[in-house]
There are 2 protein chains.
Amino acid sequence: MPMNTTEQIRALINRLARLDAAETWEADLNPAQIAALEYLARANRFSRAPSHVAEFLGTTRGTMSQTLKSLVRKGYLTERRSENDRRSITYDLTVPGVALADRRGVLLGAIGVLPDREQQHLCERLSQILTARLAANGGRAFGICKTCAHHRATGDGAYCALLSLPLTPEETTQLCHEQVTA
Amino acid sequence: MPMNTTEQIRALINRLARLDAAETWEADLNPAQIAALEYLARANRFSRAPSHVAEFLGTTRGTMSQTLKSLVRKGYLTERRSENDRRSITYDLTVPGVALADRRGVLLGAIGVLPDREQQHLCERLSQILTARLAANGGRAFGICKTCAHHRATGDGAYCALLSLPLTPEETTQLCHEQVTA
DNA sequence: GTCGATAGCATCGAGTCGAAACTATTGCAA
DNA sequence: TTGCAATAGTTTCGACTCGATGCTATCGAC
C-alpha cells in the first residue's frame, strides 16, 4: 500500500528529526536535553519554567523536571526561584549553555541547500501545520512576543498589556508562553 | 539574537516530530518502537534486517536489536532467519503490527490543512533537505524501488538488476536500502 | 584453510518516558 | 480567618532507549 503525500510529509518530518537527534550525542547531551536547552535559549523571562518547557515539547512536568536537573548538574543551566511566587522556578543558560545551544549540525547545512525564497515558504507551511496541530488539542503556540495581541509598541522599547510590564527590544523577539497571535 | 529562517525550519521540524512522538504513547509503544514499525511496514523484503532499520533511523545495530526484540515480545513482529545467509534476520509485521502501523495521529490531520498542491511542494522540499542531509555523511537514501537505477520494467512485473531478482508490482512501491536514484 | 569483514546479540550505566503520589505555596471563598 | 482546591515543582517507579563495547556465528576472498 503506497503512502499518500500527507503520510510522506509526516514520515519525512520524523526521519529528519531523528537524524538530527542522532547528531546530538556528539556532545554529552541527548536529544531531550538539547531540545530543552534550545527552547530555553529562545524563550523570554516569563516562559522559562519547567511547566513551560514541558508544554512546549509535549511532555510532562515530571519528566522535564528530571531533564532540567540533569542540565543543571552538567553546568549548562542555573535555577532561580521567583520572588513573587515562591513555587515557581526559572532556568537560565550559563555561558557553556549558550555556546551549546548555538552549536549547529549537519541538518542546518542541508536546509541551506534550498534558496532563501523556498526556505521562507517552507517555514510558513510548517508553521501552518504546527498551528493546526496545536489547535487540535488546545496547545499554546509559544509564538514570538512582538507578534502577540498583547504587544504594545512604545517610544523606545515595548510593553506587554497582559502582564503590564515593560519589555526590552530583545525580549520582543523571544518566545512567550502567553503569546496570542494578533 | 533572533533566529534566521534556516534555524526556524530546523526548530519546526524538531518540534513537530516531538509532538507527534508524544501521541505515540497512547498505544503501548514508544516513539522509537513506532518509528521502527512504520519503517518495516514500508520496506521491501531485502530491507527488513536490524542493520537496515538502524541505518534508516540513524541509530546503532545494538540499540535497534533491542527495540525489535521488544516489538516481537509484544506480538507486532515475527523474526525469520535467511536461508542464504544464516547471519541475517528479516522482521515481518504481524496482523496487529500492520494495524498499529496504519494508526493515524493528530499530525496527519494537521498536515491535511494544506491544499494538495502545497503538500506536494512541501514534500519535495523536505525530500531535498533529506537528500542533502544524507549526502553530507554518506547515508543511503532508502528510496522507493521503482525510482531506482537498478529497476527494470518487464512485461507484467519488474526486475532488480542489482540483485538479479524478479519483483512483484507491490514491491516496486516499497522502500529499499539498496536504492540509487536513477 | 585462514582471516578479516559482516550480522546480530548481550551487557553496562546514564538517562528518558509516563504515571502517580508527594510537598509547598497560592488564592479564593465561606 | 480558616479552609480548601488549584497550581508548581519534585520524587519515585518500572519499562525502555541511548551509545559503547565486546562477543559469537557466519560468510567470502585469498
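Structure: above.
These remarks concern the structure in this document. (Residues numbered from 1 in each chain as written. Chains lettered and ligands numbered in written order. Predicted model: local features only at pLDDT ≥ 70, side-chain atom pairs only at ≥ 80, totals over all residues. Heavy atoms only, no water.)

### Digging into the packing of helix α7 (residues 116-136) of chain A against helix α7 (residues 116-136) of chain B
Okay, so step 1: For the pair α7 of chain A and α7 of chain B, interaxial distance at closest approach is 11 Å and the crossing angle is 115°. Where α7 of chain A crosses over α7 of chain B, the two elements pack in a sense that is left-handed. For the pair formed by α7 of chain A and α7 of chain B, the contact residues are E118, H121, L122, R125, L126 and I129 of chain A on the first element and E118, H121, L122, R125, L126 and I129 of chain B on the second.
Okay, so step 2: Here the contact of α7 of chain A with α7 of chain B is composed, by residue class, of six nonpolar, two polar and four charged. (Axes fitted to C-alpha atoms, helices over the stretch in contact; angles between N-to-C directions. Helix = DSSP H or I, 4+ residues; strand = E, 2+ residues; numbered from the N terminus. Left-handed = near helix turned anticlockwise from the far one by under 90°. Contact = heavy atoms within 4.5 Å. Nonpolar A, V, L, I, M, F, W, Y, C, P; charged D, E, K, R; others polar.)

### Notes on the sheet that holds strand β5 (residues 165-167) of chain A
Residues and elements named next belong to chain A.
Okay, so step 1: The strand order across the open sheet built from three strands is β3-β4-β5, with neighbouring strands paired in antiparallel fashion. Each of the sheet's edge strands pairs with one partner strand only, and the pair in question is β3 (151-153) and β5. In this sheet, neighbouring strand axes are inclined to one another by 30° on average, regardless of whether the strands run parallel or antiparallel.
Okay, so step 2: Where β3 and strand β4 (residues 158-160) come together, three bridges link them in antiparallel fashion. Each bridged residue has a counterpart across the sheet, and for R152 the counterpart in β4 is Y159. (Pairing = 2+ DSSP bridges.)

### Overview of the relation of the copies chain A and chain B
Okay, so step 1: For the pair chain A and chain B, the relating rotation is 180°, the translation along its axis is 0.0 Å, and the fit reaches an RMSD of 0.1 Å. On the angle and the small slide along the axis, the relation comes out as a two-fold axis.
Okay, so step 2: When the interface residues of chain A are mapped onto chain B, 100% of them are again interface residues, pointing to one common binding face. (Least-squares fit on C-alpha atoms with pLDDT ≥ 70 in both.)

### Quick look at unusual backbone geometry
The phi torsion of most residues other than glycine is negative, and most of the peptide bonds are trans.
Residue and element names in this part refer to chain A.
Okay, so step 1: For F142, which is not a glycine, the phi torsion comes out positive at approximately 55°.
Okay, so step 2: With respect to the helices, strands and loops of the structure, F142 is situated in the loop between α7 and β3.
Okay, so step 3: Exposure remark for F142: the relative accessible area of 2% places this residue in the buried category. (Buried < 20%, exposed > 50% of the residue type's maximum accessible area, 1.4 Å probe, protein only.)

### Section: the packing of helix α1 (residues 5-24) of chain A against helix α2 (residues 31-42) of chain B
Okay, so step 1: Where α1 of chain A contacts α2 of chain B, the two axes come as close as 12 Å, and the packing angle between them is 125°. Considering the angle they form, α1 of chain A stands oblique to α2 of chain B. Between α1 of chain A and α2 of chain B lies a crossing whose hand is left-handed. On α2 of chain B, the residues that touch R10, A11 and R18 of chain A of α1 of chain A are P31, A32, A35, E38 and R42 of chain B. (Parallel < 35°, antiparallel > 145°, perpendicular 65-115°, else oblique.)

### Some thoughts on the interface of chain A and chain B
Okay, so step 1: Tallying the contact residues gives 60 residues for chain A and 60 residues for chain B.
Okay, so step 2: Looking only at chain A, the three residues that lose the most surface to chain B are R10, R15 and R133 of chain A, adding up to 13% of its buried area.
Okay, so step 3: Here chain A is connected to chain B by six salt bridges.
Okay, so step 4: Of all the elements in the fold, those that place two or more residues in the side of chain A that touches chain B are α1, α2 (31-42), α3 (50-57), α6 (106-111) and α7 of chain A.
Okay, so step 5: Broken down by element, the residue count for the side of chain A that touches chain B peaks at 18 residues, all from α1 of chain A.
Okay, so step 6: In terms of residue class, the side of chain A that touches chain B is built from 33 nonpolar, twelve polar and 15 charged. (Buried area = accessible area lost by both parts, 1.4 Å probe. Salt bridge = Lys/Arg side-chain N within 4 Å of Asp/Glu carboxyl O.)

### Points about the layout of surface pockets
Residue and element names in this part refer to chain B.
Okay, so step 1: Empty space within the second largest pocket amounts to approximately 680 Å³.
Okay, so step 2: Taken together, 25 residues line the second largest pocket, and the ones lying closest to its centre are A49, S82, S88, I89 and T90.
Okay, so step 3: Breaking the lining of the second largest pocket down by element, the ones donating at least two residues are α3 (50-57), α4 (61-73), β1 (77-81) and β2 (89-93).
Okay, so step 4: For the lining of the second largest pocket, the class distribution of residues is six nonpolar, nine polar and ten charged.
Okay, so step 5: If you count residues domain by domain, the lining of the second largest pocket takes at least three from each of domain 1 (1-113) and domain 2 (114-182). (1 Å grid on protein atoms, 1.4 Å probe; cavity = no way out; pocket = protein on both sides within 12 Å on 5 of 7 lines; lining within 4 Å. Points joined across faces, edges and corners; volume = space filled by probe spheres on them. Domains from an automatic or database assignment.)

### Focus on the packing of aromatic side chains
Residues and elements named next belong to chain A.
Okay, so step 1: In this structure the tally under the stated criterion is six aromatic pairs over all chains.
Okay, so step 2: Taking the centre distance of 5.8 Å and the plane angle of 75° together, the rings of Y39 and F142 count as edge-to-face. Pair noted here: Y39 is in helix α2 and F142 is in the loop between α7 and β3, with a separation of 103 residues, a long-range link.
Okay, so step 3: Judged by centre distance (5.3 Å) and plane angle (70°), the ring pair of F56 and F142 falls under edge-to-face. Linking F56 in helix α3 with F142 in the loop between α7 and β3, this pair joins segments that are 86 residues apart in sequence. (Phe/Tyr/Trp six-rings, centres within 6.5 Å; stacked < 30°, edge-to-face > 60°.)

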